[in-house]
Amino acid sequence: MVFPLLVALSMLCPQGSVTVDAGRGPLTVSLPAGYDPAQPIPLIVLLHGYGASGAVQESYMRFTPIQDQYGFAFCAPDGTQNGLGQRFWNATDACCNFQGSNVDDSAYLRSLIEAIEAAVEIDPRSIHLVGHSNGGFMSYRMACEHADKIASIASLAGATFQDPADCTGMGPVHVLQIHGTSDGTIGYGGGSIGGNSYPGALETAQLWATRNGCGLTVETETQALNLDSSLAGKETTRTRFSGDCAIGGTVELWTINGGSHTPNLSPFFARRVVEHLLARPKADPTGEVYCSPATVNSSGSSASIAAVGSDVLADNALTLRAAGLPPQTFGFFLNSLTEGSATPPGSQGTLCLGGSIGRFSASVLNSGAAGEFSLEVDLTAIPNNPPASALVGEVWKFQAWFRDANPQVTSNLTDAIRMTLR
């Protein structure tokens, strides 16, 4: 299982860097060009395979050449050495603490991430791990034990714990399993190391789909990927687990048909992995309410809007809620990419949207006795002019309109909220 040095160990000089020490000596964290401490950036941590090192792993996967384009901080730490001089991670029971070391790599990597957060303005919702082989096993252990910290992982030729009970901790994590069907070291269909079993690629994905609350129904992407340049055509198929996954817990399997344990990675590999990870930060709607308080309505209150669920486009799990409405009245939500301030004819409230304003009028809602209503928003089909599929980075504004009588029959509006989709 020794990781071969497939390419010359040469790395592009980072545009900037900082040095941190989490107890095992100094480690360089490279930063993208133009890093601004006022703007939090994602973090990607690369975990090497058994017998390799962080530098060797990066020379194989090549994330730093695209760092400036995607704007993430990056580091590739080293595991400790065993009695044979081989660096390893104490990951699962199957891989790869072969000499019974008591090293706690899970705690070390957590401390390392926190040390980087203390030195660099890291987006706490966008911390990601990539691992190969032993490093892939370790990424799963980190997802099991530090779901509060890790947003997503990508494992190439690794596997999770065979026994779900060994995957301690709680909370969803986005998981991407990448594996070659001709892997002779870590079998695509599973196997054992030293008498300890590990699940196959599909079973690993299924175990995490269950952990994340997904159904086991799968969807296969029609467009394949070219991840292995030694194989003809687009050899990698993508399978996604659908169903009611917990927010922040998507699961995908990318199968490199004919791929080995160390595929001849194509120039597209690092980009596809980074794009996948960065599109899956931790879910936490952080909408900013503006145009508040709204005009007092006939209930004696100012109606308000809030968002729950996720502002991550890939999750498509954003719910809008309006409260403080008159009881038993009807209304619907509005949307726009533009802010505004106007009092529409026949209304006593302020319309805080401008430009092209869409109406969720196909979902007319009733406030009931509690004076509240809510709507699950399909971010892939926002009713506007014309209907729009939201894009990452767009800032959508939402507001709720409702019928009111104060004192005559008229209409009113809540305050508004702006949501930056991630």
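Everything here concerns the structure above.
Quick caveat, the model's predicted, so the values are computed rather than measured.

A look at the overall build of the chain
Regarding its fold elements, the chain presents six helices and 25 strands. Its C-alpha atoms give the chain principal-axis dimensions of about 85 × 45 × 40 Å. By the burial criterion, 51% of the 422 residues in the chain qualify as buried. For the chain, the exposed area adds up to about 16800 Å²; of that, 51% sits on carbon and sulfur atoms. Distance from the positive charge centre (21 side chains) to the negative charge centre (36 side chains) of the chain: 4 Å.

Let's talk about the nonpolar core
One broad rule of soluble globular proteins: the nonpolar side chains tend to lie buried together. By size, the foremost hydrophobic cluster in this structure holds 53 residues, and its most contacted members are Ile-116 and Trp-208. Mapped onto this core, the elements with two or more residues apiece are strand E2 (26–31), strand E3 (41–47), strand E4 (73–75), helix H3 (105–119), strand E7 (122–132), helix H4 (134–145), helix H5 (201–211) and strand E14 (251–256).

Thoughts on the sheet that holds strand E16 (residues 304–309)
Strands sit in the order E16-E17-E23 across an open sheet of three strands; the sheet is antiparallel. Each having just a single partner strand, E16 and strand E23 (373–377) make up the two edges of the open sheet. Across the sheet, the mean angle separating the axes of adjacent strands is 20 degrees when strand polarity is ignored. Summarising the sheet, strand E17 (residues 318–323) and E23 pair through five bridges and their orientation is antiparallel. Paired with Thr-319 across the two strands is Glu-376, which belongs to E23.

A closer look at the side chain of Asn-134
On the secondary structure map, Asn-134 appears in helix H4. A relative accessible area of 0% means that Asn-134 is categorised as buried.

Digging into the layout of surface pockets
Empty space left among the atoms is revealed by rolling a probe the size of a water molecule over them. Estimated volume of the largest pocket: approximately 310 Å³. Elements with a minimum of two residues in the lining of the largest pocket: strand E13 (236–241) and E14. Along the lines of polarity and charge, the residues of the lining of the largest pocket split into seven nonpolar, five polar and five charged.

A short note on the state of the cysteines
Summed over all chains, the structure comprises four disulfides. Sulfur-sulfur distance for the disulfide between Cys-214 and Cys-245 comes to 2.0 Å. One disulfide, between Cys-214 and Cys-245, carries an S-S torsion of 120 degrees and so falls in the right-handed class. Here the residue Cys-214 occupies a position in the loop between H5 and strand E12 (218–220), and Cys-245 occupies one in the loop between E13 and E14, the gap between them amounting to 31 residues. In this structure Cys-214 comes out as buried when scored by relative accessible area, which is 9%. Each disulfide pairs two cysteine sulfurs, and for Cys-291 the partner residue is Cys-352, the sulfurs being separated by 1.9 Å. Across the S-S bond linking Cys-291 and Cys-352, the dihedral sits near -60 degrees, which makes this disulfide left-handed. Residue Cys-291 is located in the loop between strand E15 (288–290) and E16, and its partner Cys-352 is located in strand E20 (residues 351–354); the two are separated by 61 residues in the primary sequence. Residue Cys-291 is classed as partly exposed on the basis of its relative accessible area, which comes to 28%. By sequence-ordered numbering of the bonded cysteines, the chain has its disulfides arranged as 1-2, 3-4, 5-6, 7-8.

Looking at the packing of H4 against H5
One can describe the packing of H4 onto H5 by two numbers: an axis separation of 13 Å at closest approach and a directional angle of 10 degrees. Our classification of the angle between H4 and H5 gives roughly parallel. Along its contact with H4, which presents Tyr-140, Ala-143 and Cys-144, the element H5 presents Thr-204, Trp-208 and Arg-211. Residues that form the contact of H4 with H5 fall into these classes: four nonpolar, one polar and one charged.

Observations concerning the pattern of salt bridges
Close approach of charged atoms allows side chains with opposite charge to pair. Tallied over the full model, the rule gives 14 salt bridges. Bridged by salt links that share partners, the residues Glu-219, Glu-221, Arg-240, Glu-252 and Arg-280 form one connected network.

Quick look at the packing of aromatic side chains
Within the structure shown, the criterion is met by seven aromatic pairs. Ring centres 6.0 Å apart and planes at 85 degrees place the aromatic pair Phe-137 and Tyr-198 in the edge-to-face group. Taken together, the residues Phe-137 in helix H4 and Tyr-198 in strand E11 (residues 196–199) connect sequence positions 61 residues apart. Taken as a pair, Phe-137 and Tyr-198 share a single burial class, namely buried. Here the aromatic residues Phe-330, Phe-332 and Trp-401 are joined through ring pairs into a cluster of three or more. The lysine or arginine in question, Arg-24, covers the ring of Tyr-108, its NZ or CZ lying 3.9 Å from the ring centre. The cationic tip of Arg-418 hangs over the ring face of Tyr-290; the distance from NZ or CZ to the ring centre is 4.2 Å.

Criteria and thresholds
Residues numbered from 1 in each chain as written. Predicted model: local features only at pLDDT ≥ 70, side-chain atom pairs only at ≥ 80, totals over all residues. Heavy atoms only, no water. Helix = DSSP H or I, 4+ residues; strand = E, 2+ residues; numbered from the N terminus. Buried < 20%, exposed > 50% of the residue type's maximum accessible area, 1.4 Å probe, protein only. Areas by Shrake-Rupley, 256 points an atom, 1.4 Å probe, with all protein chains shown as cover. Lys, Arg positive; Asp, Glu negative; His and termini not counted. Charge placed at Lys NZ, Arg CZ, Asp CG, Glu CD. Core = buried A, V, L, I, M, F, W, Y, C linked by side-chain atoms within 4.5 Å. Pairing = 2+ DSSP bridges. Axes fitted to C-alpha atoms, helices over the stretch in contact; angles between N-to-C directions. 1 Å grid on protein atoms, 1.4 Å probe; cavity = no way out; pocket = protein on both sides within 12 Å on 5 of 7 lines; lining within 4 Å. Points joined across faces, edges and corners; volume = space filled by probe spheres on them. Nonpolar A, V, L, I, M, F, W, Y, C, P; charged D, E, K, R; others polar. Disulfide = S-S within 2.5 Å. Parallel < 35°, antiparallel > 145°, perpendicular 65-115°, else oblique. Contact = heavy atoms within 4.5 Å. Salt bridge = Lys/Arg side-chain N within 4 Å of Asp/Glu carboxyl O. Phe/Tyr/Trp six-rings, centres within 6.5 Å; stacked < 30°, edge-to-face > 60°. Lys NZ or Arg CZ within 6 Å of the ring centre and 35° of its normal.

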